[in-house]
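One letter stands for each residue in the lines below.
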Number of protein chains: 2
Amino acid sequence: MVHTLDYGVLSTISTRTDIFNDDDDETLPSSSSPPVIPFGNVYSFVDGPCNKSTGIPYLYGSSMDQSMKDVTSNNVVSLTLTEASSSRDGSKNSCVVQQGGWGDPEMPTCARVVITGKLVRVDPNNNEEEEEMEFEMAQTSLFQRHPSMSYWPDDHDWFVSKIVISDMWLLDMFGGASILDVDRYFSIDLGLVDVVDVDVVVKEEQEKSRMMMMMKRHLAEQTKMTVNLHGF
Amino acid sequence: MVHTLDYGVLSTISTRTDIFNDDDDETLPSSSSPPVIPFGNVYSFVDGPCNKSTGIPYLYGSSMDQSMKDVTSNNVVSLTLTEASSSRDGSKNSCVVQQGGWGDPEMPTCARVVITGKLVRVDPNNNEEEEEMEFEMAQTSLFQRHPSMSYWPDDHDWFVSKIVISDMWLLDMFGGASILDVDRYFSIDLGLVDVVDVDVVVKEEQEKSRMMMMMKRHLAEQTKMTVNLHGF
């Protein structure tokens, strides 16, 4: 999921603490102890180029964005990924809401992973060769997998950052969430093939599942019967 | 979006504060001031039945889930919705990542809204007729639009809750986010038609955009040229 998905929701501790400055609401904390408010925002990410998975989520953000303002006060963030956001629709049946089907984004079998850690800027200008190379890899990968990013306006102070992972919370099956061992997570080899092959495979799979989906839909409409697309 | 989307990410203040209990990391707060950690989790929701929009997000959660445990300590939550999660793929071009296209989930034109407020349980058993009716409406709507929910295991202490909205942060265009006026938000009439009509319209639109998408893809493959699907 960290390698294949396009985007997730980045949760931060909000610095917009004036949201609840409403004297009418007696159930909220007084102004002497401002409420702690979470804020979730949509972020595209990569963990490397198509043919290499580092396991580290790299983000491309602007200091003008609310989330990045929040991070200057508290850089502990969570990045939430869900299989429901996969663009390969049809293949993630456990995520698809449908009459007579079991699929739902809230179903445990529609996997989600919450990555918690500190958001740290990857700075190419601090005279450390390793960080400069990491920045080059990350920015190139972001632009490769999110082509529009390279056109985003220059005056928005874009920068590359990464999540230094401290915790991974995974729900992918009935029976409750698992806490992943971060060291073991980083030791996994996805066995990725060459970038061109991956693209071809993804495209073929996508086309195939779309065709299947459409055929079944048309069949269902013709016969006015519900065809179970979920394989249950 | 609050009426049409299926799921969002619910951000809470995590009660799993032991994540950063690592003495090796000198940059983190000492144990005397535990770090404040955000946690984002996937939640399906509705704002009413298909043919009625209340504007209030209703959730179906279990007290066994991490988010609901968090809420018992701090019930201030954010629910993050993105047009990228729309199941009507093809129609949200501004969200679709593609070579030579502008679309991306992080693009401002791929709209996202962050709803912040207190998560409050809607309890049918507290002898208030209004709340009992609200519960009936909410649970019926959840089961109507998320059919699998009605089959979820009885022993998981499922309950209906709603977000009492205090703030709405919307990014849907270049030029930065807007803070919506909550009273004005609730005064909007979506002019929804009968439930059957809505379903038909959605299905037709979905089929149409899928057909367009596939035709263009096939065309592009045949001619080995990039066809711009984004209309730019």
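Note that the structure is predicted; figures quoted are calculated from it, not measured.

> Lay out the side chain of Glu106 of chain B in plain terms, naming residues and giving numbers.
Looking at the secondary structure, you find Glu106 of chain B in the loop between β4 (76-82) and β5 (112-121). Despite its burial, Glu106 of chain B pairs with no opposite charge, the nearest such side chain being Arg112 of chain B at 6.1 Å. Sequence-distant contacts of Glu106 of chain B, that is, excluding residues within four places in its chain, are made with Val42, Tyr43, Ser44, Tyr60, Gly61, Met149, Trp152 and Trp158 of chain A together with Arg112 of chain B.

> How would you sum up helix α2 (residues 129-145) of chain B? Please name residues and give values.
All names here are of chain B. Counted at 1.5 Å a residue, the expected span for α2 with its 17 residues is 24 Å, and the 24 Å between its end C-alpha atoms agrees. Listed as buried for α2 are Glu131, Glu134, Phe135, Ala138, Gln139, Ser141, Leu142 and Arg145. All buried residues of α2 project into a common sector of 160° when viewed along the axis, lining one side. Every exposed residue of α2 that faces more than 90 degrees away from the buried side is listed here: Glu129 and Met133. On its buried face, α2 sits against β2 (38-46), β3 (58-62), β5 and β6 (158-171).

> If you had to explain the interface of chain B and chain A to someone new, which residues and values would you point to?
Residue-level contacts link 72 residues of chain B with 72 residues of chain A. Buried surface at the junction of chain B and chain A, both sides included, amounts to about 5800 Å², of which 59% is carbon and sulfur. The interface formed by chain B and chain A includes two salt bridges. Between Asp167 of chain A and Arg16 of chain B there is a salt bridge, and its shortest N-O distance comes to 2.8 Å. Between chain B and chain A we count 19 residue pairs in polar contact (both at pLDDT 80 or more) in total. Here the side of chain B that touches chain A is composed, by residue class, of 30 nonpolar, 26 polar and 16 charged.

> I'd like a rundown of the relation of the copies chain B and chain A, residues and numbers included.
Between the two copies of this chain, the relationship is a rotation about some axis together with a displacement along it. Expressed as a screw transformation, the operator carrying chain B onto chain A has a rotation angle of 180° and an axial translation of 0.0 Å, and the superposed copies differ by an RMSD of 0.0 Å. Here the two chains are linked by the operation of a two-fold rotation axis. The residues that chain B uses at the interface reappear at the interface of chain A in 100% of cases, marking a shared surface.

> Go over empty space enclosed by the protein with me, naming the residues and quoting the values.
Overall, the coordinates contain one cavity of 30 Å³ or more when judged by the stated rule. The computed volume of the largest cavity comes to approximately 90 Å³. For the largest cavity, the lining is made up of 14 residues, of which Tyr7, Val9 and Thr82 of chain A together with Tyr7 and Val9 of chain B are closest to its centre. When residues of the lining of the largest cavity are traced back to their parent elements, those giving at least two are β1 (7-13) and β4 (76-82) of chain A together with β1 (7-13) and β4 of chain B. A per-class count over the lining of the largest cavity returns six nonpolar, eight polar and no charged.

> Go over the state of the cysteines with me, naming the residues and quoting the values.
All names here are of chain A. Under the counting rule described, the total for this entry stands at two disulfides over all chains. With a sulfur-sulfur separation of 2.1 Å, Cys95 is cross-linked through a disulfide to Cys110. Classification of the bridge connecting Cys95 and Cys110 rests on its S-S torsion, roughly 100°, and on that basis the disulfide is right-handed. With Cys95 in the loop between β4 and β5 (112-121) and Cys110 in the loop between β4 and β5, the pair connects residues that are 15 residues apart, well separated along the chain. Given the relative accessible area of 8%, Cys95 is considered buried. Judged by its relative accessible area of 0%, Cys110 is buried.

> Quick one: what's the story with the packing of aromatic side chains, residue by residue and with numbers?
For the structure on display, the rule yields 14 aromatic pairs over all chains. Aromatic pair Tyr60 of chain A and Trp152 of chain A: ring centres 6.0 Å apart, planes at 35°, arrangement tilted. With a gap of 92 residues between them, Tyr60 of chain A in strand β3 (residues 58-62) and Trp152 of chain A in the loop between α2 (129-145) and β6 (158-171) connect regions that are remote in the sequence. Side by side, Tyr60 of chain A and Trp152 of chain A carry an identical accessibility label, which is buried. Considering the side-chain rings of Tyr60 of chain B and Phe143 of chain B, the 5.4 Å spacing of their centres and the 90° angle between planes classify their relative orientation as edge-to-face. One end of the pair, Tyr60 of chain B, is in strand β3; the other, Phe143 of chain B, is in helix α2, and 83 residues separate them in sequence.

The rules we used
Residues numbered from 1 in each chain as written. Chains lettered and ligands numbered in written order. Predicted model: local features only at pLDDT ≥ 70, side-chain atom pairs only at ≥ 80, totals over all residues. Heavy atoms only, no water. Helix = DSSP H or I, 4+ residues; strand = E, 2+ residues; numbered from the N terminus. Buried < 20%, exposed > 50% of the residue type's maximum accessible area, 1.4 Å probe, protein only. Lys, Arg positive; Asp, Glu negative; His and termini not counted. Salt bridge = Lys/Arg side-chain N within 4 Å of Asp/Glu carboxyl O. Contact = heavy atoms within 4.5 Å. Expected span 1.5 Å × (residues − 1). Arc of directions from axis to C-beta. Buried area = accessible area lost by both parts, 1.4 Å probe. Polar contact = N/O pair within 3.5 Å; in protein donor to acceptor, adjacent residues only side chain to side chain. Nonpolar A, V, L, I, M, F, W, Y, C, P; charged D, E, K, R; others polar. Least-squares fit on C-alpha atoms with pLDDT ≥ 70 in both. 1 Å grid on protein atoms, 1.4 Å probe; cavity = no way out; pocket = protein on both sides within 12 Å on 5 of 7 lines; lining within 4 Å. Points joined across faces, edges and corners; volume = space filled by probe spheres on them. Disulfide = S-S within 2.5 Å. Phe/Tyr/Trp six-rings, centres within 6.5 Å; stacked < 30°, edge-to-face > 60°.

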